[in-house]
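# Chain and residue survey
Here is how the chains run, residue by residue.
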Amino acid sequence: MQYKTETRGSFSYNKVNNLGVFPSDNLVRIESMAAENAVVIFSVSTCCMCHAVKGLFRGMGVSPAVHELDLHPYGVDIHRALMRLLGYSSGASTSPGGLPVVFIGGKMVGSMERVMASHINGSLVPLLKDAGALWL
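Conventions adopted
- Residues numbered from 1 in each chain as written.
- Predicted model: local features only at pLDDT ≥ 70, side-chain atom pairs only at ≥ 80, totals over all residues.
- Heavy atoms only, no water.
- UniProt positions renumbered as here; feature names shortened; annotations may be inferred.
- Helix = DSSP H or I, 4+ residues; strand = E, 2+ residues; numbered from the N terminus.
- Expected span 1.5 Å × (residues − 1).
- Buried < 20%, exposed > 50% of the residue type's maximum accessible area, 1.4 Å probe, protein only.
- Arc of directions from axis to C-beta.
- Contact = heavy atoms within 4.5 Å.
- Pairing = 2+ DSSP bridges.

The protein chain goes by Glutaredoxin domain-containing protein in an unreviewed UniProt entry, where it is assigned to Eruca vesicaria subsp. sativa. UniProt, in the comment section headed Subcellular location (unreviewed entry), describes the protein chain in these words: "Cytoplasm". As its UniProt record puts it under Sequence similarities (unreviewed entry), the protein chain is described as follows: "Belongs to the glutaredoxin family. CC-type subfamily."

Structure below.
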């Protein structure tokens, strides 16, 4: 955890999360959900890319925690916050753009492009081993 005070305008805010942004209810919720398992996937149940990344991890012998945002009571708000973390505009809240979002060891890896790039360049397996998701 980081404990650093930053000032915006005349108000001071404390940075207290691992995501490196000012906390909000949704960001705290995301951080909590991301810490519940070695691999956490934020997904939409009808998204083919989400299905592919879940299959990739399961095929490697990893059992990810999967949060289907279209079935979650706070799914729209969580999706909006994830898109902000990825650097997308805040208007991308109703389409599954940017999903899946993968966290390994409580840290955001990113969306499908980053996960596949890590898999291809060989850095995904060490991340999974360090997080305790693989015992090879």
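Next comes the rest of the write-up.
Relative to the 16 Å expected for 12 residues at 1.5 Å per residue, helix α2 (residues 48-59) spans 16 Å between its end C-alpha atoms, a close match to the ideal helical length. All of the buried residues along α2 are Cys50, Val53, Lys54, Leu56 and Phe57. Buried residues along α2 cover an arc of 155° about the axis, so they all sit on one side. Among the exposed residues of α2, those oriented more than 90 degrees off its buried face are Cys48, His51 and Gly59. In this structure, the buried side of α2 is in contact with β3 (39-43), β4 (65-68), β5 (101-104), α4 (112-121) and α5 (124-131). Two residues or fewer past α2, Gly61 is found with a positive phi of approximately 90°.

Now for the pairing of β3. By the criterion of burial, β3 is predominantly enclosed, with 5 of the 5 residues buried. Residue alternation in β3 divides its side chains into two sets, Val39, Ile41 and Ser43 and Val40 and Phe42, and both sets are buried. For β3 and β5, the ladder comprises 4 bridges, and the chain directions are antiparallel. Following the sheet pairing, Val39 is matched in β5 by Ile104.

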